[in-house]
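Survey of secondary and tertiary structure
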Amino acid sequence: MGPRAIFITDEICQVGGSGLSAPNDAAVYLVSLDGCAVLIDAGCGDADDMILANLEAAGSNPARIEALLLTHCHYDHAGGAVGLRRRLGCTVVAHALDAPFIESGDDVVSAADWYGASLAPCVVDRKLGGAREELTLGGRTISAIHIPGHSPGSVAYLVESQQRKVVFAQDVHGPLHPSLLSNATDYRHSLQRLLELDADILCEGHYGIFEGREAVAGFIRRFLD
Ligand SMILES: [Zn+2]
Ligand SMILES: [Zn+2]
């Protein structure tokens, strides 16, 4: 199977994940706005070459990737951060509440030990704080919304593309576990917050891409009940 990408809008595609890169990789998305681009999540680090090949297959120039936006500290999402940061020369962005586990390579809180693996530590160049921050890419905005619960510093990224609200909320499904420092009350509030975004498209980390407001809300509600 050669390099490939799955397009979601003309500006957004999936370039990594199980079936596209390494089996343990959560989804990796590419957002290209006005000639500038970011990656959302990095996979576990087992298949950086394939992610880069998929990027190029999508027509993206790796030199134009400004930042890697991490949704949270878990191994399947953040393990590849250090390699991609070095190879792309991009900054790494994560919430301040998850950043310490990424920077120290914490195998327990990152769940790396569930995979029999180790989280390669990575510098977090920009630490997000508070409930919501706006990031600028090209002349456009990507909102970073704090959705704690699955991990303390989980973040959803929201962008409007071709008149559609696209939300990257990678581990909507959880799970919740004490070793991940999960919090069930926060998780329910965060699901409610995600519902209120009224997104047209949801890009999940493991369950794929949901299109249409009904499908997005239906998936989120499954975990509220
Ligand atoms: Zn996770
Ligand atoms: Zn995950």
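Throughout what follows, the structure given in this document is the object of discussion. Every value quoted in this text rests on a predicted model; they were computed, and no experiment measured them.

1. Some remarks on the coordination of the zinc ion (ligand 1)
At this site the zinc ion (ligand 1) is bound by His72 (NE2), His74 (ND1), His150 (NE2) and Asp171 (OD), with donor distances of 2.1 to 2.2 Å. Given four donor atoms and angles of 91 to 175° at the metal, the environment of the zinc ion (ligand 1) is assigned as irregular. Binding-site remark: the zinc ion (ligand 1) is held by donors from one chain whose sequence spacing is H-x1-H-x75-H-x20-D. A distance of 3.5 Å spans the gap from the zinc ion (ligand 1) to the zinc ion (ligand 2), which aspartate 171 bridges by coordinating each metal. On the criterion of sequence distance, the pair formed by histidine 74 in the loop between strand E5 (65-69) and helix H2 (75-78) and aspartate 171 in the loop between strand E11 (164-168) and helix H5 (184-196) is long-range, its members being 97 residues apart. Each of the two residues, histidine 74 as well as aspartate 171, counts as buried.

2. What about the packing of aromatic side chains?
A ring pair, where both rings are aromatic, is described by two values, the distance of the centres and the angle of the planes. Throughout the structure, instances matching the rule amount to six aromatic pairs. Relative to phenylalanine 219, the ring of phenylalanine 210 has its centre 4.3 Å away and its plane inclined at 25°; by these criteria the two rings are stacked. You'll find phenylalanine 210 and phenylalanine 219 in the same group, each marked buried. Three or more aromatic residues joined by ring pairs make a cluster, and in this case those are Tyr207, Phe210, Phe219 and Phe223.

The rules behind these values
- Residues numbered from 1 in each chain as written.
- Chains lettered and ligands numbered in written order.
- Predicted model: local features only at pLDDT ≥ 70, side-chain atom pairs only at ≥ 80, totals over all residues.
- Heavy atoms only, no water.
- Donors = N, O, S within 2.8 Å, 3.2 Å for Na, K, Ca; no water.
- Tetrahedral: all angles 85-135°; square planar, octahedral: opposite > 155°, others 65-115°.
- Helix = DSSP H or I, 4+ residues; strand = E, 2+ residues; numbered from the N terminus.
- Buried < 20%, exposed > 50% of the residue type's maximum accessible area, 1.4 Å probe, protein only.
- Phe/Tyr/Trp six-rings, centres within 6.5 Å; stacked < 30°, edge-to-face > 60°.

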